[in-house]
There are 2 protein chains.
Amino acid sequence: MNVMGFINARVYAFFKPLRLYEGFVVFNDKVIYTGNNTDVVQLTRDLGGNVIDLKGKTVLPGFIDAHLHLDSLGLSLVTLDLRGVKSIDELKKKLKLYSESSSFKWIIGRGWDQELFIDKRYPTKLDLDEVVKDRPVILIRTCGHVAVLNTVALELTGLAAYDEKEVEKDTCGNPTGLIYEEAVQIASRKFMESITINELTELLKKAQYYLISHGITTVGFVSCSLKSLKALLEMWVRGELKIRVRLYVNPFDNELNLVELLRSIGLKRGFGDEYLKIMGLKLFADGSLGARTAWLTQPYEDDQSTNGYPAFEPDNLRKISKLSDELGLQLAIHAIGDKAIETVLSIYRELKNIKHLRHRIEHVSVLRDDELEEFSKLGAVAVVQPHFIISDWWADRRLGSKRIKWLYRFRSMIDNGIPVAFSTDAPVEPVNPWETIYAAVTRGKYDNIAFYDDIKHESINVIDALHSYTYGSAYAIHEENVLGSLLPGSYADFVVVDRDPLETPDHQLKNIKILETYIGGIKVYSNE
Amino acid sequence: MNVMGFINARVYAFFKPLRLYEGFVVFNDKVIYTGNNTDVVQLTRDLGGNVIDLKGKTVLPGFIDAHLHLDSLGLSLVTLDLRGVKSIDELKKKLKLYSESSSFKWIIGRGWDQELFIDKRYPTKLDLDEVVKDRPVILIRTCGHVAVLNTVALELTGLAAYDEKEVEKDTCGNPTGLIYEEAVQIASRKFMESITINELTELLKKAQYYLISHGITTVGFVSCSLKSLKALLEMWVRGELKIRVRLYVNPFDNELNLVELLRSIGLKRGFGDEYLKIMGLKLFADGSLGARTAWLTQPYEDDQSTNGYPAFEPDNLRKISKLSDELGLQLAIHAIGDKAIETVLSIYRELKNIKHLRHRIEHVSVLRDDELEEFSKLGAVAVVQPHFIISDWWADRRLGSKRIKWLYRFRSMIDNGIPVAFSTDAPVEPVNPWETIYAAVTRGKYDNIAFYDDIKHESINVIDALHSYTYGSAYAIHEENVLGSLLPGSYADFVVVDRDPLETPDHQLKNIKILETYIGGIKVYSNE
């Protein structure tokens, strides 16, 4: 039995409505009391516990990142970081340096964006072959939907012989090294297949520590493979899982059909304990704006030949969604373009358990007014990544002046009563929740976002942002009764931060620091 | 948030060492405080809760029945009860009456014991056919290892054409209707296959209510089929599961190989929430003393031609045990005869995770001195059913005067430091925990057990019995930190009883009544 009373703090136990206390009492893994210093001290002493003086610091519920890729995040932490690279030459230099130090057989890099290159062209296999000839190299674009491979990697993944539009060919019919969508998934899968469960466990632990150090106490792990599930169960059984993980599995996992497995046993949404729960399925309705694979109703502004395309044949998406709904598994469907969102909404409209299972739409990037209304009526959950606002600084090129106003409409979602959950899609966007909150509040005001004036009306305040990152994300994973707040009865998942976000100027929000992170009453991180 | 302070009670929060309090505070589903009335009232008021005056009544931790058959128990509650039937004529009359009132297609009866019949013979299919010709009838012997079927049931189960020793034949080679072991399992399986998941859910709910009304708050459900697992998950997802269920699955389930399923996902012991957890596998090393199928080292005293036999080829048992151990699944192996126990101990000795997974031996009926020592050294758990002492009143006939002293050695187990868990094997023995405690304490003293003098030295006191039924059983399911006590931090699973068992004369122990049952702070039963 472990009782702790925290006093002399600014404890934001809840945001809407705002609940501010001087302290709180933790009994084992849960908060049992919030109140003033005197009462907290009294109660803690009565229960034989220790009083901890927080000396005026601010305490918030732990952040819940409702949508990220735990395995890829772990990988990214040992991955060649190509963000901000300004030329193909710089990319080559970084690759060379990394290849000399990495012990992995495969070399994986991530984060390049040809839009930033002075060369104004995509890298090719020839660029990579110049630097690394003997080991497979995969360099994934910032969006995750495009990658470039060297010749060895094209061979090892079998993509050299792949005769689909997702593997780009030069005029002679030879692969250029650039691959898209499905092919990126195949390449990543091949790479993941080469990783053992033990290696994967190490990667997941790196991701866990990184998240905890940023104040994340619970994550929605989307597109979880059977292998990652097994690795997590290994961590779980050894007591090494410290962060709470909620799983949305990839039903198209190569190894075995995970939907069939879940169906065979009859496992349903929410089965598992407070650390690890199975939630449902992650599916895709379309691709990304960056790669012009997001499915729009009208053509892309900067390429009138395409309006993107469905990532999954809509009738099949409908079929597997129906099955998931019947099996009692929650859906989390990726939909970025307005046509993709329209399609998912039309599928959700037909599902019996939509309200009960709280099916989710991930990203919800380009949202029309009519969809906003329909979304709200259905009771679906919008799982958004506010930091996209800053990363997608080129979005007006894709969408043009009319549709840019439909981008990342958090203010409208909240005003229309749509449950909104915050997340980072890490490793796509930075894990740091303050970057996300900063992006949601400022929407590019300080980041030279050219279309800021067109989207600034969708800004939200810090309270809304914190509410979405705590209660909102807890709601998305069906746990708003025990997570996302510090009211009595909640798990004692909280962070101590270096300043009060409600009294921090908006441009400084991303500078807030996590001092300590607690999960279930256990201190899992301290910055000291 | 729900806070309740219980006062003016005799609260036995723990038994070894004894911890007695006037009251306790429940916060939501857990006990957060035990102490005197004044402190409980104060703390409850501080937390904004209600005080409940128990007016001097006795409170005990809820009973944990570590080994029973939840599905069969539900079935038994709608089953023709043949316990205590004194003749084949009486059996026929009961069958007739029941067949006229039951709406089930199949008629299932249970509990007959030919030892009690004045006829001194087994019933046959001809006896049953006389009464019911048009519907299948299965009447299972009290031990569960023998059954008699009518002609329709022999046909429907396919056992009429079964050419094995488990289907008894008359001198002309026709089945007599009597079936044994494997054949009983086939017949039961055929019957269970005819039951829908919805019907099964209804049966499980009947079992749940019956258990709760007897003060059982957690059960180890052994030999759980995939179908029962699915039915439980249905109850779980609908919030209808009120009792805590820990599952030991039958790996030889007809429909699908459950071990393969668990292995495919990587599910391990303990996965699940506080209501429903997957624990491991239930296996069999031998049969029963009643049917002379329990595996003894020396021949049966009353049938020198046999010493029973292994229910499962020992090398295969070793193989599947090793697999289970490697997969992180707890074993629960049925072993009644001393040779069977010896075999299981020799298997357990080789398992890497024996201490960590706390592999169990079920029944442990005939235990030699050398085995007692080995058992203790291994750290295995003995899951026993003390009421067998009274039901097996004929055991000395099977074992003779030397071996009868090896029967149900609870005192020796406890003195040798073997973790002992109590259970009923329900529906084999009565669910009522006071019958079990009575049997463990009195060992037949008041029940005309002929060999009482030979086994009375293995009596235990009420404190040991209560300890085994609470902490002991919680230990067997790896949850002694949160179940089986009312110390702070434990789930608020408790019973209010009509008298103090520690001040009740031994012959009256079985008359103690459950007044109220709470699970996780929720009142799930009241006798009013």
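Residues numbered from 1 in each chain as written. Chains lettered and ligands numbered in written order. Predicted model: local features only at pLDDT ≥ 70, side-chain atom pairs only at ≥ 80, totals over all residues. Heavy atoms only, no water.

### Things to note about the overall build of chain A
Worth spelling out the cut-off: Only DSSP runs of H or I reaching four residues or more are called helices, and only runs of E reaching two or more are called strands; each is numbered from the N terminus. Throughout, the radius of gyration refers to the C-alpha atoms, and the reference size of a globule is 2.2 Å times the residue count to the power 0.38. We call a residue buried when its accessible area falls under 20% of the maximum for its residue type, exposed when it is over 50%, and partly exposed in between, using a 1.4 Å probe and counting protein chains only. What makes two residues a contact is simply this: any of their non-hydrogen atoms within 4.5 Å. Charge counting follows a simple rule: Lys and Arg are positive, Asp and Glu are negative, and His as well as the terminal groups are ignored. In this description, the location of a charge corresponds to atom NZ of lysine, CZ of arginine, CG of aspartate or CD of glutamate.
Within chain A, the regular secondary structure consists of 19 helices and 25 strands. Its C-alpha radius of gyration of 23 Å places chain A within 12% of the 24 Å reference for a compact globule of 528 residues. Over its C-alpha atoms, taken along the principal directions, chain A stretches across nearly 80 × 50 × 50 Å. The burial tally for chain A puts 64% of its 528 residues in the buried class. Summarising the internal contacts of chain A: among those between residues at least 6 apart in sequence, 72% fall at separations of at least 24. Taking the average place of the 64 positive charges on the side chains of chain A and the average place of its 73 negative ones, the gap between the two points comes to 1 Å.

### Here we look at the packing of aromatic side chains
Test applied: Aromatic rings from Phe, Tyr and Trp, taking only the six-membered ring of Trp, are treated as a pair when their centres fall within 6.5 Å; an angle between ring planes under 30 degrees marks them as stacked, one over 60 as edge-to-face, and anything in between as tilted. For a ring to carry a charge above it, either NZ of a lysine or CZ of an arginine must fall within 6 Å of the ring centroid while also lying within 35 degrees of the normal to the ring plane.
Evaluated as defined, the whole model comprises 41 aromatic pairs over all chains. Centroid distance A:Phe6 to A:Phe24: 4.9 Å. Interplanar angle 15 degrees. Geometry classified as stacked. With A:Phe6 in strand β1 (residues 3-7) and A:Phe24 in strand β4 (residues 23-27), the pair connects residues that are 18 residues apart, well separated along the chain. An angle of 90 degrees between the planes, with centres 6.0 Å apart, marks the rings of A:Trp112 and A:Tyr122 as edge-to-face. Taken as a pair, A:Trp112 in strand β10 (residues 107-112) and A:Tyr122 in the loop between β10 and α4 (125-131) lie far apart in primary sequence, 10 residues in all. You can call A:Trp112 buried: its relative accessible area is 0%. The rings of A:Phe63, A:Phe388, A:Tyr408, A:Phe410, A:Phe422, A:Trp434 and A:Tyr469 are connected pair by pair, giving a single aromatic cluster. Between the NZ or CZ atom of B:Lys339 and the centre of the ring of B:Trp295, over which it lies, the distance is 5.9 Å.

### Section: helix α10 (residues 314-327) of chain B
All names here are of chain B. The criterion, for reference: Here, expected helix span is obtained from the residue count minus one, scaled by 1.5 Å.
For α10, with 14 residues, the first-to-last C-alpha span of 20 Å sits near the 20 Å given by 1.5 Å per residue. On its buried face, α10 sits against α9 (258-265), β18 (276-284), β19 (330-335), α11 (338-349) and α12 (354-357). Residue glycine 328 follows α10 closely and has a positive phi angle near 80 degrees.

### Topic: the relation of the copies chain A and chain B
One copy of the chain maps onto the other through a rotation about an axis plus a displacement along that axis. Using the following cut-off: Here the copies were fitted onto each other by least squares, based on C-alpha atoms from residues at pLDDT of at least 70 in both.
With an RMSD of 0.1 Å, the operation that places chain A on chain B is a rotation of 180 degrees combined with a shift of 0.0 Å along the axis. The relationship between the two copies is best expressed as a two-fold rotation axis. With an isologous cut-off of 70% or more, the 97% of interface residues of chain A that recur at the interface of chain B puts this contact in the isologous class.

### Quick look at the interface of chain A and chain B
Buried accessible area, meaning the area lost when the parts come together, often serves as the stated size of an interface. For the record, the criterion: Summed over both partners, the accessible area lost on bringing two parts together, with a 1.4 Å probe, is the buried area. By definition, a salt bridge exists where a carboxyl oxygen of Asp or Glu is found within 4 Å of a side-chain nitrogen of Lys or Arg. Definition of a polar contact: a pair of N or O atoms within 3.5 Å, with one able to donate and the other able to accept a hydrogen when the atoms are protein atoms, and with sequence-neighbouring residues admitted only if both atoms are side-chain atoms. Each residue is assigned to one class: nonpolar for Ala, Val, Leu, Ile, Met, Phe, Trp, Tyr, Cys and Pro, charged for Asp, Glu, Lys and Arg, and polar for all the others, Gly among them.
Taken together, the contact between chain A and chain B spans 35 residues of the former and 35 residues of the latter. Around 3000 Å² of area is buried between chain A and chain B when both sides are counted, 75% of it from carbon and sulfur atoms. Counting the surface chain A buries against chain B, the share from its top three residues, A:Ile265, A:Lys268 and A:Phe271, is 23%. The tally of links between chain A and chain B comes to 2 salt bridges. Here B:Glu234 and A:Lys268 are joined by a salt bridge, their closest N and O atoms 3.3 Å apart. On inspection of chain A and its partner chain B, the count reaches 4 residue pairs in polar contact (both at pLDDT 80 or more). Among the elements of the structure, β5 (30-35), α1 (37-46), α8 (226-237), α9 (258-265), β17 (271-272) and β18 (276-284) of chain A are those that each provide at least two residues to the side of chain A that touches chain B. For the side of chain A that touches chain B, the class distribution of residues is 21 nonpolar, 6 polar and 8 charged.

### Notes on the environment of B:Leu276
Among the secondary structure elements, B:Leu276 is positioned in strand β18. Note: C-alpha distance between B:Leu276 and B:Trp236 (40 residues apart in sequence) is 7.5 Å. Apart from residues no more than four positions distant in its own chain, B:Leu276 is found in contact with A:Phe271, B:Leu232, B:Leu233, B:Trp236, B:Leu241, B:Val245, B:Arg246, B:Leu247 and B:Phe271.

### Considerations on the domain arrangement of chain A
Put simply, the test is: Each domain's extent is set by a domain assignment, obtained either automatically or from a database.
What the domain assignment lists for chain A is domain 1 (3-62 + 487-526) and domain 2 (105-193). Averaged C-alpha coordinates put domain 1 of chain A and domain 2 of chain A at centres separated by 47 Å.

### Focus: the sheet that holds strand β24 (residues 514-519) of chain A
Residues and elements named next belong to chain A. Our working rule: For two strands to count as paired, DSSP must find a minimum of two bridges between them. Between the N-to-C directions of two axes lies an angle of 0 to 180 degrees, each axis being a line fitted to C-alpha atoms and, for a helix, fitted only over the stretch in contact.
In spatial order, the strands read β3-β2-β7-β23-β24-β25; together these 6 strands make up an open sheet with mixed pairing. Strands at the two margins of the open sheet, each flanked by one partner only, are β3 (18-21) and β25 (522-526). Pairwise comparison of adjacent strand axes, ignoring direction, gives a mean angle of 25 degrees for this sheet. Across the sheet, helix α7 (residues 197-213) lies against β24 and β25, angled at about 85 degrees from β25, the strand it touches most.

### Structural notes on the side chain of A:Gln385
Residues and elements named next belong to chain A. Mapped onto the fold, glutamine 385 is located in the loop between β21 (381-384) and α14 (388-391). For glutamine 385, the side chain forms a polar contact with the side chain of histidine 363, separated by 2.7 Å. Within polar-contact distance, the side chain of glutamine 385 engages the backbone oxygen of valine 383 at 3.3 Å. Beyond its immediate sequence surroundings of up to four residues, glutamine 385 is in contact with His67, His363, Ser423, Thr424 and Asp425.

### A few points about the environment of B:Leu91
All names here are of chain B. Its place among the elements puts leucine 91 in helix α3 (residues 88-101). Assessed through its relative accessible area of 0%, leucine 91 is described here as buried. C-alpha separation for the pair leucine 91 and leucine 128, spaced 37 residues apart in sequence, amounts to 9.0 Å. When near neighbours in sequence (up to four residues on either side) are disregarded, leucine 91 contacts Leu82, Val85, Trp112, Phe117, Leu128 and Leu139.

### Here's the deal with the packing of helix α7 (residues 197-213) of chain B against helix α8 (residues 226-237) of chain B
Residues and elements named next belong to chain B. We count it as follows: Orientation categories follow fixed angle ranges, with anything under 35 degrees roughly parallel, anything over 145 roughly antiparallel, 65 to 115 roughly perpendicular, and all other angles oblique.
With their axes 9 Å apart at the nearest point, α7 and α8 run at an angle of 70 degrees to one another. Relative to α8, the element α7 is oriented roughly perpendicular. Contact residues: α7 offers Ile197, Leu200, Thr201, Leu204, Lys205 and Gln208, while α8 offers Lys227, Ser228, Lys230, Ala231, Leu232, Glu234 and Met235. Across the contact of α7 with α8, the residue classes break down as 6 nonpolar, 3 polar and 4 charged.

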